[in-house]
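# Chains, contacts and geometry: an overview
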Amino acid sequence: MEYRKLGETGLEVSELSLGASSLGSVFRKVNKDEGVRTVHVAIENGINLIDVSPYYGLTKAETVLGEAISQVQRERIILSTKAGRYGDNSFDFSPRRIKKSIDESLIRLKTDYIDILHLHDIEFGSLDEIINDSLPALEELKKEGKIRFFGVSGLPLKIFEEVLKEVNIDTILSYCQYSLNNTNLLNIQSNVLEKGVGIINASPLSMGLLSNRGAPSWHPASKEIKETCRKAVEYCSINGIDITKLAVQFSVQNKNISTTLVGTANPENIVKNIKWINEPINYEQLFKVKEILKPINNKIWLSGRKENN
Ligand code: NAD
């Protein structure tokens, strides 16, 4: 496992990290023991950053992760959670709710500090409120020692540029914008890095589009994106290629991205993912798969308020 600097935080994060949304049964029903075991196996195999949110499984993911954390040395984990999103259509980025949210997360996560706090899917809120009220509230929480670093997360890349123009943050968490079918993150990468902000890239499998199980029913991609990804998955399975392997290897290769968050609640999958990043990528297979994905290359769906896309 390689460790990379996360912006100017002083943190060294594992190039592959664990996304704990799966622990909240967002892709399939997961039992607590399986979730806890996945976290422990990830840590034992070198992963040091784990990301979660109160939204995932409507607090279930944080609760299961808290159980797992309580059984290991807290310092072994760079714990990243979020505030501001609490349901599919439930958002509150007010300082009062953010502060309450962090106190609730600390209880569920069985800890007294959070390493990184991201405001969750800020494109659903008013960027004025995020910049003028929510982020200053996080600065206060940093001074109080409840959080060590903070940033914002979301889908449209415009939100990161808007925030970075106005406020100093430590990290951004972008998802589905740097994988086999979409590398739009490259368009903002140098701007973000110049500001000393660390890049966390999530969803190398495009939230399941690039996996044999396929996209979950709630996946927001267009029919065209889903069908084209399906074709790539089918091509791979006929030709004995593991598309998940290619996808994980591809995302981790970009060294300007400090870490890639992959989601799973299956201990065997996390072991495979870690093993794969140490193996050389098969460029012939990569080019073939990228060729199939070409019609949808860099296509993304709308998320949140129209003005934030
Ligand atoms: P992902 O692209 O990591 O895909 C997850 C899916 O891939 C799951 O169905 C999982 O079972 C499957 N998978 C993982 N490893 C596999 C393997 N070896 N073989 C077969 N299947 C495998 O998508 P994700 O889980 O949504 O994203 C990862 C994490 O990133 C999340 O858990 C979350 O922490 C973070 N994230 C954050 C945001 C945000 O802040 N707005 C959005 C998306 C994701």
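A few points on the structure. (Residues numbered from 1 in each chain as written. Predicted model: local features only at pLDDT ≥ 70, side-chain atom pairs only at ≥ 80, totals over all residues. Heavy atoms only, no water.)

### As for the site of the ligand
Looking at the ligand, there are 28 residues lining it, with Ser21, Asp51, Asp121, Arg213 and Asn273 nearest. The contact in question runs from an oxygen atom of the ligand to an N or O atom on the backbone of Gly263, over 2.8 Å. Within the contact set of the ligand, a nitrogen atom lies 2.8 Å away from a side-chain nitrogen or oxygen of Asn273. Within the complex, the protein chains bury 92% of what would otherwise be the 840 Å² of accessible surface of the ligand. Within the residue set of the shell around the ligand, elements represented by two or more residues are β10 (171-175), β12 (259-263) and α9 (267-277). Grouping the constituent residues of the shell around the ligand by class yields twelve nonpolar, twelve polar and four charged. (Near = heavy atom within 4 Å. Polar contact = N/O pair within 3.5 Å; in protein donor to acceptor, adjacent residues only side chain to side chain. Areas by Shrake-Rupley, 256 points an atom, 1.4 Å probe, with all protein chains shown as cover. Helix = DSSP H or I, 4+ residues; strand = E, 2+ residues; numbered from the N terminus. Nonpolar A, V, L, I, M, F, W, Y, C, P; charged D, E, K, R; others polar.)

### A short note on the nonpolar core
Ranked by internal contacts, the top residues of the largest apolar core, which has 100 residues, are Leu65, Leu119, Ile122, Leu135, Leu138, Ile169 and Leu180. Not counting residues within four places of it along the chain, the set of residues in contact with Leu65 comprises Ala20, Leu23, Val39, Ile50, Val52, Leu79 and Leu109. (Core = buried A, V, L, I, M, F, W, Y, C linked by side-chain atoms within 4.5 Å. Buried < 20%, exposed > 50% of the residue type's maximum accessible area, 1.4 Å probe, protein only. Contact = heavy atoms within 4.5 Å.)

### Observations concerning the pattern of salt bridges
Should their charged atoms come close, side chains of opposite charge can pair. Counting across every chain of the model gives 22 salt bridges. Note that Arg4 and Glu15 form a salt bridge whose closest N and O atoms lie 3.3 Å from each other. Here Glu15 lies in the loop between β2 (12-14) and β3 (16-19) and Arg4 lies in strand β1 (residues 3-5), a separation of eleven residues in the sequence. Of the two residues, Arg4 and Glu15, neither departs from the other in class, the shared state being buried. Lys5 is paired through a salt bridge with Glu12; the nearest N and O atoms lie 3.3 Å apart. Assessed through its relative accessible area of 38%, Glu12 is described here as partly exposed. (Salt bridge = Lys/Arg side-chain N within 4 Å of Asp/Glu carboxyl O.)

### A look at the packing of helix α1 (residues 32-44) against α9
In contact at an axis separation of 8 Å, α1 and α9 are set at 20° when each is read in the N-to-C sense. Relative to α9, the element α1 lies roughly parallel. The handedness of the crossing between α1 and α9 comes out as right-handed. Where α1 approaches α9, its residues Glu34, Arg37, Thr38, Val41 and Ala42 are matched on the opposing element by Pro267, Ile270, Val271 and Ile274. The residue makeup of the contact of α1 with α9, split by class, is six nonpolar, one polar and two charged. (Axes fitted to C-alpha atoms, helices over the stretch in contact; angles between N-to-C directions. Parallel < 35°, antiparallel > 145°, perpendicular 65-115°, else oblique. Left-handed = near helix turned anticlockwise from the far one by under 90°.)

### Focus: the sheet that holds strand β9 (residues 147-154)
Read around the closed barrel, the eight strands follow the order β3-β4-β5-β8-β9-β10-β11-β12; overall the barrel is parallel. Within the sheet, the average angular offset between the axes of one strand and its neighbour, ignoring direction, is 30°. By the bridge criterion, five bridges tie strand β8 (residues 114-119) to β9 in an arrangement that is parallel. The partner of His118 across the bridge, within β9, is Gly151. Here helix α3 (residues 95-108) sits on the sheet in contact with β5 (78-83), β8 and β9, set at roughly 140° to β5. (Pairing = 2+ DSSP bridges.)

### Thoughts on unusual backbone geometry
The backbone of Cys176 sits at a positive phi, close to 55°, despite the residue not being glycine. With respect to the helices, strands and loops of the structure, Cys176 is situated in the loop between β10 and α6 (186-194). Even without being a glycine, Ser203 presents a positive backbone phi close to 70°. Judged by relative accessible area, Ser203 falls into the buried class, the value being 17%.

### So, the environment of Leu141
On the secondary structure map, Leu141 appears in helix α4 (residues 127-144). Judged by relative accessible area, which is 2%, Leu141 ranks as buried. Expressed as a C-alpha distance, the spacing of Leu141 and Val13, which sit 128 residues apart in the sequence, is 22 Å. Sequence-distant contacts of Leu141, defined by excluding residues within four places in its chain, comprise Ile98, Lys99, Ile102, Lys146 and Ile147.

### A word on the side chain of Thr38
Here Thr38 shows up in helix α1. By relative accessible area, Thr38 is classed as buried at 0%. Discounting chain neighbours no more than four positions away, the residues touching Thr38 are Leu18, Thr264, Ala265, Asn266, Pro267 and Ile270.

### Comments concerning the packing of α1 against helix α2 (residues 60-69)
Helix-helix packing is described using two parameters, namely the angle between the two axes and the distance between the axes. The N-to-C vectors of α1 and α2 enclose an angle of 55°; their axes lie 9 Å apart at closest approach. In terms of orientation, α1 lies oblique with respect to α2. Helix-helix and strand crossings are classified by hand; for α1 and α2 the assignment is right-handed. Facing α1, whose interface residues are Lys32, Gly35, Val36, Val39 and His40, α2 presents Val64, Leu65, Glu67 and Ala68.

### Looking at α3
For α3, with 14 residues, the first-to-last C-alpha span of 20 Å sits near the 20 Å given by 1.5 Å per residue. For α3, the set of buried residues is Arg97, Ile98, Ser101, Ile102, Ser105, Leu106 and Arg108. Looking at the packing, one finds that the buried side of α3 touches α2, β5, β6 (85-87), β8, α4 and β9. Lys110 sits one or two positions beyond α3 and adopts a positive phi of about 55°. (Expected span 1.5 Å × (residues − 1).)

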